[in-house]
Amino acid sequence: MRVRFLLITLLMISGYNIAEAIPTRLDNKAASDSLYSELSKATNPADSLSILYNLFDVLPRDTGVPVGFEMIDVADRASNPEAALDVIRNLANRFIRKDSMLQVLYDRTLRYNNPDIEHYIPVSQEDLKETQTFLSLLRNTSQARQNDLDERREALLKLQKTMSLTPPEDLYERIVLQHAICTLLAHFGASDMLTTKLDELGRMVAELPTQSIALRNFYNVTSARLYSENGDYERAMQADQNTLDCITTLEAKYAKQKRNFRNYDANRYVIYTRFLSNYPLLAPHEVEKYYKMAMRLVDSDFTSYETNRIFPGPQIYYNLSNKNYATALQYIKSCIDDPHNQHLRRRLIKDEIECAQALGDNETLLQASLEYNTILEKHLSERLDQKLQELQLLSDTSDITDSYNRLTLEKQQSEAKALRKFTILMAVAAAILLIFVIVLYNLNRRNKQLVKTLDQSNHALRTESENLENSRAELLKARDSAQKANNLKTDFIKNMSYEVSAPLKAINEYCKLIVDCANASDRKYLERFTSLVELNSDLLTTIVNDVLHISEIDSNSVPIKNRSTDLRNLCSMVLDGVRNRLAPGVSLQFDASSPAISLFTDPQRLHQILLNLLTNAAKFTTKGSIMLGYTIDPSNEKVIFNVTDTGIGIKADKKEVIFDRFVKLDKETQGAGLGLTISRMLARLLGGDLHLDTSYNKGARFILAIPKK
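The numbering scheme is per chain: residues are counted from 1 as the chain's sequence reads. Where totals are concerned, whole chains, interfaces and linings use all residues; where local detail is concerned, this predicted model gives features only for residues with pLDDT of at least 70, and gives and counts side-chain atom pairs only at 80 or more. Here the side-chain values reflect all heavy atoms present in the structure, with hydrogen atoms and water set aside.

Asks: Can you tell me about helix H6 (residues 99-109), naming the residues and giving the values?
Replies: Side chains three or four residues apart in an α-helix point the same way, a direct result of the helix having 3.6 residues per turn. Every buried residue of H6 is accounted for by Asp 99, Leu 102, Leu 105 and Thr 109. Down the axis of H6, the buried set is contained in an arc of 115°. They therefore lie on one face. Where H6 is buried, its residues contact helix H4 (61-77), helix H5 (81-93) and helix H7 (125-146). For every residue, the accessible area (1.4 Å probe, protein chains only) is compared with the maximum for its type, and the residue is labelled buried under 20%, exposed over 50%, or partly exposed between those bounds. Each helix is a run of H or I in the DSSP string that is no shorter than four residues. Each strand is a run of E no shorter than two, and both are numbered from the N terminus. What the arc describes is the spread of directions from the helix axis to the C-beta atoms. Contacts are assigned to residue pairs with any non-hydrogen atoms lying within 4.5 Å of each other.

Asks: Can you lay out unusual backbone geometry for me, pointing to particular residues and giving the numbers?
Replies: One non-glycine residue, Ser 79, lies in positive phi territory at about 55°. On the basis of relative accessible area, Ser 79 is assigned to the exposed category, the value being 54%. The backbone of Lys 323 sits at a positive phi, close to 60°, despite the residue not being glycine. Note on placement: Lys 323 falls in the loop between helix H16 (313-321) and helix H17 (325-335). Among the residues examined, Lys 323 registers a relative accessible area of 57% and is labelled exposed.

Asks: Which residues make up the packing of aromatic side chains, and what values go with them?
Replies: We call Phe, Tyr and Trp rings a pair once their centres come within 6.5 Å, taking the six-membered ring for Trp, and we label the pair stacked below 30 degrees between planes, edge-to-face above 60, and tilted otherwise. Counted according to the given criterion, the structure contains eight aromatic pairs. Relative to Tyr 317, the ring of Phe 311 has its centre 6.4 Å away and its plane inclined at 70°; by these criteria the two rings are edge-to-face. Take Phe 311: its relative accessible area is 3%, and that puts it in the buried class. Counting every residue linked through ring pairs, the aromatic cluster contains Tyr 272, Phe 275 and Tyr 290. In our convention, an over-ring charge means Lys NZ or Arg CZ found within 6 Å of a ring centre and within 35 degrees of that ring's normal. Above the plane of the ring of Phe 56 lies Arg 94, whose end atom (NZ or CZ) is 4.1 Å from the centre. One residue, Arg 111, lies across the ring of Tyr 112, its end atom 5.9 Å from the ring centre.

Asks: Explain a negative patch on the surface to me, and be specific about the residues and the numbers.
Replies: Patch building starts from residues that exceed 30% relative accessible area and form no salt bridge, then joins like charges within 9 Å and nonpolar side chains (Val, Leu, Ile, Met, Phe, Trp, Tyr) within 5 Å. Here the Shrake-Rupley method, with its probe set to 1.4 Å, supplies the accessible areas, and only the displayed protein chains count as covering residues. By convention in these notes, a salt bridge is any Lys or Arg side-chain nitrogen within 4 Å of a carboxyl oxygen on Asp or Glu. This count recognises Lys and Arg as positive and Asp and Glu as negative, with His and chain-terminal groups excluded. All charge positions are set by atom: Lys at NZ, Arg at CZ, Asp at CG, Glu at CD. Where like charges cluster on the molecular surface, the negative patch consists of Asp 148, Asp 150, Glu 151 and Glu 154. Looking at the secondary structure, you find Glu 154 in helix H8 (residues 149-165). Classification of Glu 154 as exposed rests on a relative accessible area of 60%.

Asks: Please give an account of the environment of Asn 580 that cites residues and values.
Replies: Assignment of secondary structure puts Asn 580 in the loop between helix H21 (567-578) and strand S2 (586-590). By relative accessible area, Asn 580 is classed as exposed at 66%. Asn 580 sits 38 residues away from Ala 618 along the chain, and the two C-alpha atoms are 9.5 Å apart.

Asks: Go over the sheet that holds strand S4 (residues 624-633), please, and point to the residues and values.
Replies: Here five strands make up an open sheet; going across it, the order is S2-S4-S5-S7-S6 and the pairing mixed. Looking at the sheet topology across the chains shown, the edges are occupied by S2 and strand S6 (689-692). Geometrically, the sheet is characterised by an average inter-axis angle of 15° between neighbouring strands, direction not taken into account. A pair of strands is labelled paired if DSSP reports no fewer than 2 bridges between them. By the bridge criterion, four bridges tie S6 to strand S7 (residues 700-707) in an arrangement that is antiparallel. If you follow Leu 690 over to S7, its bridge partner there is Leu 704. Axis definition: a line fit to C-alpha positions, over the contact stretch in the case of helices; interaxial angles, taken between N-to-C directions, run 0 to 180 degrees. Contacting S2, S4 and strand S5 (638-645), H21 runs over the sheet at an angle of about 170° to S2. The strands that helix H23 (residues 675-685) touches are S6 and S7; relative to S6, the one it contacts most, it runs at about 140°.

Below is the structure:
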């Protein structure tokens, strides 16, 4: 009976139907068959869920468990996580002694707290926290029952330390820790400490939202049992009354959901029986009321009937209250030896002694007194052990409290020290602020002076700006005039080039004609003068062309037309063009080690550069050789041309001067001094450069670098 009575008490948590804890009558079979038939006709998860709720309520305990797990999946498919959490709480009541299954149910709730998982269903955080806390409370009870004495003591001290030194900020977490402490204290029998901790737990539960019925009901059922075991009957009755109020709220809720098989008659029967067990605290009309209510449930509810058959508590307490000792004694003797009632034996023997004394039944009185003394001695011994354990716990708790007080004092001293430092810092900051204000005031005065000076400067700048604008306008006019003059110069040079070219060509042709028409005896003499005329005509043409080219480069009108160019062919053409300018005895060579490659560049401009360099070399080389060659610089992606002669050479300090316009190191030489200038400008237009190799001292060597692409 003790196991059955304890099971009924625990199953009252969170609205669980105790009628399911004991096999029901056969008419439930017809109800379940009808519900299965309705379930087969359901067309959507929502309809199925409503039928499954009734099926879960009507089926026996073990048979209903698979239905409960199926209900969780159906609730998820119906996007009704609140129903899924409600089912999880109901299933948890069926596994109050199986911590592993409680862990499975707790893990199932985690999917409602993780938006990253697939098919995440949002749910009220309060509802989720209530369910997870409810499962944690059940696990507290299960784990405390499984641990031995030393494990309980160690766990209790650890929990006490946590609650004293670093209590969680979250209310639900504090409730779980406080309940774990109460559960462990109950196993130690520490009645005084337990009462204090239960009161603290009650204050925490009172802070919960009003809709947290499951947690409130759990606390009421747990506290009613623990208060009753500690002899605090008034508080036990108040907790039971709170449980009745919760049952009324749950019945109204389930009625709206059409859960027709959900009833709490067995729960009420247990509470009414516990009320009657405290009959000395009740008025006669209250005893009468609770007795009638309990016996009405015995007549109408099968579970209440079965419980009453094993332990007729309402009859015993009712007759004791009304001093019907003979009837009360009969009921006591009918159940006192039932194994299920062993946990009530001390109370029953005490009531038996009271009845025997009133009836003068000395035999029963003697036998009951002897057994009661034995039980009382054992109980007192157990209570003594419990008190010793409670004193030890109080001592350990006191150590924790002293540690907490010491830490609190150290914290207060640290805060006071920090406050003093803060005060000093504030004083320093105030002094700095005062200095800053003074400095700011001085800066403000200076700023006003600067503003005044700035206004004057701005006025002067505006005047200067106007003058600069006028100067700029004049410079633009001058630039336009210069540009116009430059354009006129370029046009003049072009026209002069065209005008000079025709007469020079005519002079050359007529000189040849004179030679052709002369007598054979005079022809040799005339050819000498004709060669002089042609040479000077070519010189004049070169000067005019150089002036024209440099004018075009200055005006950015030189077109660059890059294309793939065979370098060996180009070099051959350049060499052929300069052979007639060589002095007698001077050899013109091409470096045979130069690779056969193509270069993407403007062949006309490259030809012009190389021709200028070779012409200069021919002009200043009277003996020896002139060589043209090129190599590839793979690191810089360039082709390096070199024109080397054995002429008079150029001093190193003149390496840049020779590239200036109209510069001639030898005033007696022919030309305008523009060939090297034009060559460097064209080289840079091609993306390369031209310079004199000063390391070469046997004549002159010019290096031309042109990019490969």
